[in-house]
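# Structure assessment
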Amino acid sequence: MEQFLAQLPQQLINGLTLGSVYALIALGYSMVYGILQLLNFAHGDVYMIGAYIGFGVMTAFLPASGPLPLPALVIILLMFLAAMLGCGLLGIGIEWFAYRPLRNAPRLAPLISALGTSILIQNAVQLTLTAAYHTYRTDKLIPITAGIDLGPARLSAVRALVIVSAIVLMIVLTYLVRRTQFGRAMRAVALDREAAAMMGVNVDRIIVLTFFLGSALAGAAGVLNGLVFSRVWHTMGFNAGLKGFTAAVVGGIGNIPGAMLGGMVLGLVESFAVGFISPTFKESITFFALILFLLIRPRGLLGATAVQKV
Amino acid sequence: MASDKFGRDEWVAQIDARRAAPPGVAGQVLARWNALPLGWRWIGVLASFAAIPFLTSNDYLIRVAGTVALFATLSLGLNVVVGYAGLLDLGFVAFYGLGAYAYALLSSGKFDIHWPSWVTLVFIGVLGLAFGVLLGLPSLRLLGDYLAIVTLGFGLVFVQLAITMDRVEVPWHAGPIDVTGGSNGLINLDPLRLFGLDFGEPLTLFGYALSSVALYFYALLAALAVVLLVIYHLNQSRIGRAWRAMREDSLAAEAMGMPTKRLKLLAFACGSAIAGVSGGIFAAWQHSVFPLNFSTDLLITLYAMMVLGGLGSLPGVVIGAGILAVIPELLRSPELARVAFYSAVVLGVALFLRPRRNGLIVLAGVILLGLILRLATQTLWPDLLSPPTITVAAESVSTAFERTAQTFGIIVQKWIILPMEPTPPGNVAFLVLLPALLAWARLQPSRLKLGLLAPLLYLLAFVWETRLTAEPAVTRLLLIGTLLVVLMIFRPHGLLGTKRVELV
């Protein structure tokens, strides 16, 4: 018990870091699901591409030796911008090519098309960048020693950066969805696509924008993940996508605050499982947590118990 | 046209016209074939399949045939869940792996358990059923998409457990126990022993020597036949009709009094049992199991097989499995793969471009473009070009076909620009090619679209020569991924599936 209490703060910090990444992935899943009732299996791979774009920008700016050409924060900002823009465009491309022709197809068709897209992206990366791990040199941008000591726990500067930037992104997203015309249109389309179209909402444009936003968030999550956990590889998106979806389900799929909450909860569960039970069974524990959760509260934490319309 | 008749729906008439046999000799043969009773047709196909070991003594070919039978059985099992009941099961491979690992643990020196094969196979079937129900119960209460993700998670967890369960700590035993052998897998499994027949030993039958591989091939073929029979009759029964009704509209089916939850569980359990037993035979055949035998790659291959042939269509699924199980074997030898690739491109252009004249123009354009580019590079930067990399090794090239394939390869490599350092330009070309092809596919038909096809095909050939032949495994998955997307867009009902009208 004492050991548990001693470890608790550190595991909380680890869980929040992990949770921030999951929450950002879950947001993309949830937004797309809310608007199209489509499971975007390729979302995890968009996240992977984001991590690679961040890696590319980072290697382009890091000198072999000597001082940085730009301040570290500017480089990090550039990594984010490039990854978010690149992933957003990729998301639009995926929607345009793999999902739009299937807008009115049987339910299974877009799911299989999404599966194919995911395989395509993964193997394209493997072909061009090989299957090897690529390592972020975060230590060159942010010194490892930087951080705040909080008694028993330690909040390193990288983790603080991750949590803060995730929160900033979520606030921006919430503002977009709640306060802007685009957000209102998006919520309208999610509620009833046909009715929204009749009210003059350009549904196709809203869907494209939603894909852009969701994919950009996944790209940011990829960069964050790379900054903290360093390693990037071509199949990292599969696992992350699964976690992101789990988080979205836990929060109540289609529900934006739910996705954020679900991501945090999942991150905490996972880091507690690693810290207090066994790192070997990390995935299995999260998975059984998901099943248990689905049994108890199938609509998720914040999901409304919707009645199926016929 | 028949659609002029009164009282006839135009759509029905179109379908009838499409169903009528195509003209020509092929059409007549097809019509004769279709006139045979269904049972005879299947027996004919399976019998010609069964003759393979008598026609060749090449174990490699028989092994490929066995793989086709195994994949066909697996995709049929998947088809019950996805094609009939309409449940997106992404953990199917985990059940297959479960069967394989169960066989491995129950018939090997690992814990020195050696159950009789038939007991093990029956046990595995029951195990598959039980796990199918166990996993289905929580997820079926929910919307279909939750099932997809829960089963996907199950598949992932299965592989990770197989990898990590080599150090399991249990309270009643000092020190960790090695259950699954980790990533080294379990090896030296017992051969299948059924009806007094040892599948590990060659058998002499009426003067024919049947190798162990051939015996396993027959075991797999028998499994395929049994599964076909069972599924066919299941599909014709009340249950099959209920499944289809449920797939079309679960809510309406429930309103008509169908126990949808039980039906879903039944489909799920059926698929899992088939997967489990196939896994058991697979483990015996391979003499070993490894966690990576059950990765997502296999799942995606199975989906591609099922979707290619046509969801819910039995012959379609078997044909899809055949096509996709043979393709990787073709890709294994680069010379053979090259022939297959260029024939596929030429055939595709010749068949799909209308009028036919356009196809010829495009092909000639591609060849001409290649020659011009090659000549230009040769005169401007001769140092960049590499001579053909194919060397003639007399002893390895035996048949006339292989020699022709090699000569063809040398000609192609003299036609295309083959850089000294092929990887970087190949990668760049690949990254340009992918979005370019996608964008091209969405262009409106026009002269521009036709004109752009030639450079695109040239680029495709360039990428093939520089990158894709070097990495057959990646190429296979790239092809499968493309196939899944393109098929869903242009022919979601697959090659042989029937088009469904979606009611909204």
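Everything numeric here is computed off the predicted structure, so don't read it as measured data. (Residues numbered from 1 in each chain as written. Chains lettered and ligands numbered in written order. Predicted model: local features only at pLDDT ≥ 70, side-chain atom pairs only at ≥ 80, totals over all residues.)

Turning to the overall build of chain A, a few remarks are in order. The helix and strand tally for chain A stands at 12 helices and 4 strands. Over its C-alpha atoms chain A spans a radius of gyration of 20 Å, differing by no more than 12% from the 19 Å that the globule rule assigns to 310 residues. Across its three principal axes, chain A shows a C-alpha extent of roughly 60 × 50 × 40 Å. Residues classed as buried in chain A amount to 51% of the 310 residues present. In chain A, of all internal contacts separated by at least 6 residues, the share reaching a separation of at least 24 is 78%. (Helix = DSSP H or I, 4+ residues; strand = E, 2+ residues; numbered from the N terminus. Rg over C-alpha atoms; globule rule 2.2 N^0.38 Å. Buried ≥ 20, exposed ≤ 12 C-beta atoms within 10 Å, placed from the backbone. Contact = placed C-beta atoms within 7 Å.)

In this section: the overall build of chain B. Looking only at helices and strands, chain B features 20 helices and 6 strands. Looking at chain B as a whole, 40% of its 504 residues qualify as buried. Considering only contacts within chain B whose residues lie at least 6 apart along the sequence, 73% involve residues at least 24 apart.

Taken residue by residue, the interface counts 44 residues in chain B and 38 residues in chain A. Those elements that provide at least two residues to the side of chain B that touches chain A are α7 (117–140), α8 (144–164), α13 (296–309), α18 (423–441) and α20 (472–490) of chain B.

Bringing the environment of R262 of chain B into the picture now. All names here are of chain B. Mapped onto the secondary structure, R262 falls in helix α12 (residues 260–286). When the 11 C-beta atoms within 10 Å are taken as the criterion, R262 is described as exposed. Counting along the chain gives 125 residues from R262 to L137, while the straight-line C-alpha distance between them is 9.5 Å.

Moving on, we get to the nonpolar core. Counting 235 residues, the largest nonpolar core has L24 and A220 of chain A together with A267 of chain B as its most contacted members. The leading source of residues in this core is α12 of chain B, at 15 residues. Taken domain by domain, this core gets at least three of its residues from each of domain 2 (75–294) and domain 3 (336–490) of chain B. A220 of chain A has contacts with L24, G50, F80, A83, M84 and L169 of chain A, leaving out every residue within four places of it along the chain. (Core = buried A, V, L, I, M, F, W, Y, C linked by C-beta atoms within 7 Å. Domains from an automatic or database assignment.)

Attention shifts here to the confidence of the model for chain B. Mean pLDDT for chain B: 80, with 88% of residues reaching 70 or above. Taken over the whole predicted complex, pTM reads 0.85, whereas the ipTM for its chain interfaces reads 0.83. (pLDDT = per-residue confidence, 0-100.)

Residue and element names in this part refer to chain B. Between its first and last C-alpha, helix α17 (residues 400–415) extends 23 Å over 16 residues, near the 22 Å set by a 1.5 Å rise per residue. Residues of α17 that are buried: A405, Q406, G409 and V412. Seen from one end, α17 has its buried residues packed into an arc of 120°, which puts them on one side. Facing away from the buried side of α17, by more than 90 degrees, are the exposed residues A400 and I411. If you follow the buried residues of α17, they end up packed against α15 (334–352) and α19 (447–466). (Expected span 1.5 Å × (residues − 1). Arc of directions from axis to C-beta.)

A few words on unusual backbone geometry. Residues other than glycine predominantly adopt negative phi, and peptide bonds predominantly adopt the trans conformation. Residue and element names in this part refer to chain A. For Q37, which is not glycine, the phi torsion reads 50° and is therefore positive. Topologically, Q37 is positioned in the loop between α1 (2–36) and α2 (43–61). Residue T130 is not a glycine yet carries a positive backbone phi of 65°. With respect to the helices and strands, T130 occurs in the loop between α4 (108–129) and β1 (134–135). Judged by local crowding, T130 falls into the partly exposed class, with 15 C-beta atoms found within 10 Å.

Among the structural elements, F54 of chain B can be located in helix α4 (residues 52–55). The spacing of F54 of chain B and A214 of chain B is 160 residues in sequence and 9.3 Å in space, taken between C-alpha atoms.

So, on to the packing of helix α9 (residues 212–236) of chain B against α12 of chain B. Residues and elements named next belong to chain B. In contact at an axis separation of 10 Å, α9 and α12 are set at 175° when each is read in the N-to-C sense. With respect to α12, the element α9 is oriented roughly antiparallel. Across the interface between the two elements, Y216, A219, L220, A223 and V227 of α9 pack against I274, V277, S278, I281 and W285 of α12. Of the residues contributing to the contact of α9 with α12, the split by class is 9 nonpolar, 1 polar and no charged. (Axes fitted to C-alpha atoms, helices over the stretch in contact; angles between N-to-C directions. Parallel < 35°, antiparallel > 145°, perpendicular 65-115°, else oblique. Nonpolar A, V, L, I, M, F, W, Y, C, P; charged D, E, K, R; others polar.)

Here we come to the pairing of strand β3 (residues 153–156) of chain A. Residue and element names in this part refer to chain A. Here strand β2 (residues 147–150) runs beside β3; their pairing, made up of 4 bridges, is antiparallel. Counterpart to I148 in the pairing with β3 is L155. Following β2, the chain reverses through 2 residues before pairing antiparallel with β3; G151 in that reversal takes a positive phi of roughly 65°. (Pairing = 2+ DSSP bridges.)

Time to look at the packing of α1 of chain A against helix α10 (residues 236–251) of chain A. Residues and elements named next belong to chain A. In contact at an axis separation of 8 Å, α1 and α10 are set at 70° when each is read in the N-to-C sense. When the interaxial angle is binned, α1 and α10 end up roughly perpendicular. Seen along the crossing, α1 lies across α10 with a hand that is right-handed. Across the interface between the two elements, Y22, A23, I25, A26, Y29, S30 and Y33 of α1 pack against A240, G241, K243, G244, F245, A247, A248 and G251 of α10. A breakdown of the residues in the contact of α1 with α10 according to their chemical character gives 10 nonpolar, 4 polar and 1 charged. (Left-handed = near helix turned anticlockwise from the far one by under 90°.)

Residues and elements named next belong to chain B. Positionally, N235 belongs in helix α9. Exposure remark for N235: the 18 C-beta atoms within 10 Å place this residue in the partly exposed category. With residues near it in sequence (within four places) discarded, N235 still touches Y84 and G240.

Here we take up α2 of chain A. Compared with an ideal rise of 1.5 Å per residue, which puts 19 residues at 27 Å, α2 of chain A spans 27 Å between its outermost C-alpha atoms and is within 8% of the ideal. Counting buried positions along α2 of chain A gives 15 out of 19 residues, so the element sits mostly inside the fold.

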